[in-house]
Amino acid sequence: MASDSGLAATVDRTPRTERGRRTLRAILDAAAIEFGTRGFHDSSIVGITARAGVALGSFYTYFESKDALFRALVRDMSAQVGVVGAAAAKGAADTLSGERQILASFIGFARAHKELYRIIDEAEFVDPASYRQHYESAAARIQARLEAGAASGELRAGTGQIEAWAIMGMNVFLGLRYGVMDEALDPGEIAEAANMLLRKGLTR
């Protein structure tokens, strides 16, 4: 059994055709809904493939287990957040304006993908390595932007990792509060208020 597991880990499951990429996308999208609605332990491969409208055999073309799918889904959702953020920051006047635009877009993303929070929260227990990687990669993207701002003289020297994790923490909870719990406020207004906190702090 151990040798079978080791062999499976070396198999290249990357889709080689457009049809294969569409099938993989359908499985990941269905898994996001299934895991987000039912949780990891109550979800099943059969339920996911039925929701995706693909054959059970197609699942095993891309994933050897439900656990492997969950890990791939966490990576996929992390990548989507990164893509959305990068697109939002394009054309920003300065570093902090970029952070404002990224936060507004993230809140919009959270509203459209409320399952994100449940899936990432479950990852802490289902696959701690994926959970940690999700946050470390997000913080690294912020840190790179802040360090670029510091290097250009726009931000104070030494701005980096600690500030990146602080901004990420703020974004995560604003996304939870105004993306998942309550959609009453405009994402741009929320992002502007948070951005003012970064620019001026709370002192008068």
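Residues numbered from 1 in each chain as written. Predicted model: local features only at pLDDT ≥ 70, side-chain atom pairs only at ≥ 80, totals over all residues. Heavy atoms only, no water.

Peer 1: Summarise the overall build of the protein chain; cite the residues concerned and give the values.
Peer 2: In terms of helices and strands, the protein chain carries 10 helices and zero strands. Dimensions along the principal axes, computed over C-alpha positions, put the protein chain at roughly 65 × 35 × 35 Å. When the 204 residues of the protein chain are sorted by exposure, 44% land in the buried category. Once local pairs closer than 6 in sequence are excluded, the contacts in the protein chain between residues at least 24 apart make up 67%. (Helix = DSSP H or I, 4+ residues; strand = E, 2+ residues; numbered from the N terminus. Buried < 20%, exposed > 50% of the residue type's maximum accessible area, 1.4 Å probe, protein only. Contact = heavy atoms within 4.5 Å.)

Peer 1: Got a sec to walk through the packing of helix 5 (residues 66-89) against helix 6 (residues 95-112)? Specific residues and values, please.
Peer 2: Helices that pack against each other are described as a pair by the angle of their axes relative to one another and the distance between those axes. Between helix 5 and helix 6, whose axes approach to 8 Å, the crossing angle comes to 135°. Between helix 5 and helix 6, the crossing angle belongs to the class labelled oblique. As helix 5 packs across helix 6, the resulting crossing turns out to be right-handed. Facing helix 5, whose interface residues are Gln80, Val81, Val84, Gly85, Ala88 and Ala89, helix 6 presents Gly98, Gln101, Ile102, Ser105, Phe106 and Phe109. (Axes fitted to C-alpha atoms, helices over the stretch in contact; angles between N-to-C directions. Parallel < 35°, antiparallel > 145°, perpendicular 65-115°, else oblique. Left-handed = near helix turned anticlockwise from the far one by under 90°.)

Peer 1: Give a description of helix 3 (residues 45-52) that names residues and reports values.
Peer 2: Among the residues of helix 3, those classed as buried are Ile45, Gly47, Ile48, Thr49 and Ala52. Packing partners of the buried residues in helix 3 comprise helix 2 (18-38), helix 4 (56-62) and helix 5. Gly53 lies just past helix 3 and shows a positive phi near 75°.

Peer 1: Lay out the domain arrangement of the protein chain with the relevant residues and their values.
Peer 2: How big an interface is tends to be expressed through the accessible area that disappears when the partners come together. You can read the domains of the protein chain as domain 1 (7-64) and domain 2 (68-200). Here the C-alpha centre of domain 2 lies 27 Å away from the C-alpha centre of domain 1. With 15 residues of domain 1 in contact, the opposing surface of domain 2 contributes 13 residues. Here domain 1 packs against domain 2, burying approximately 1,200 Å² in sum over the two surfaces, 71% of which is carbon and sulfur. The tally of links from domain 1 across to domain 2 stands at one salt bridge. Note that Arg25 is salt-bridged to Asp76, the shortest N-O span being 2.6 Å. Taken together, domain 1 and domain 2 are joined by four residue pairs in polar contact (both at pLDDT 80 or more). Among the elements that take part in the side of domain 1 that touches domain 2, helix 2 stands out by supplying nine residues, more than any other. (Domains from an automatic or database assignment. Buried area = accessible area lost by both parts, 1.4 Å probe. Salt bridge = Lys/Arg side-chain N within 4 Å of Asp/Glu carboxyl O. Polar contact = N/O pair within 3.5 Å; in protein donor to acceptor, adjacent residues only side chain to side chain.)

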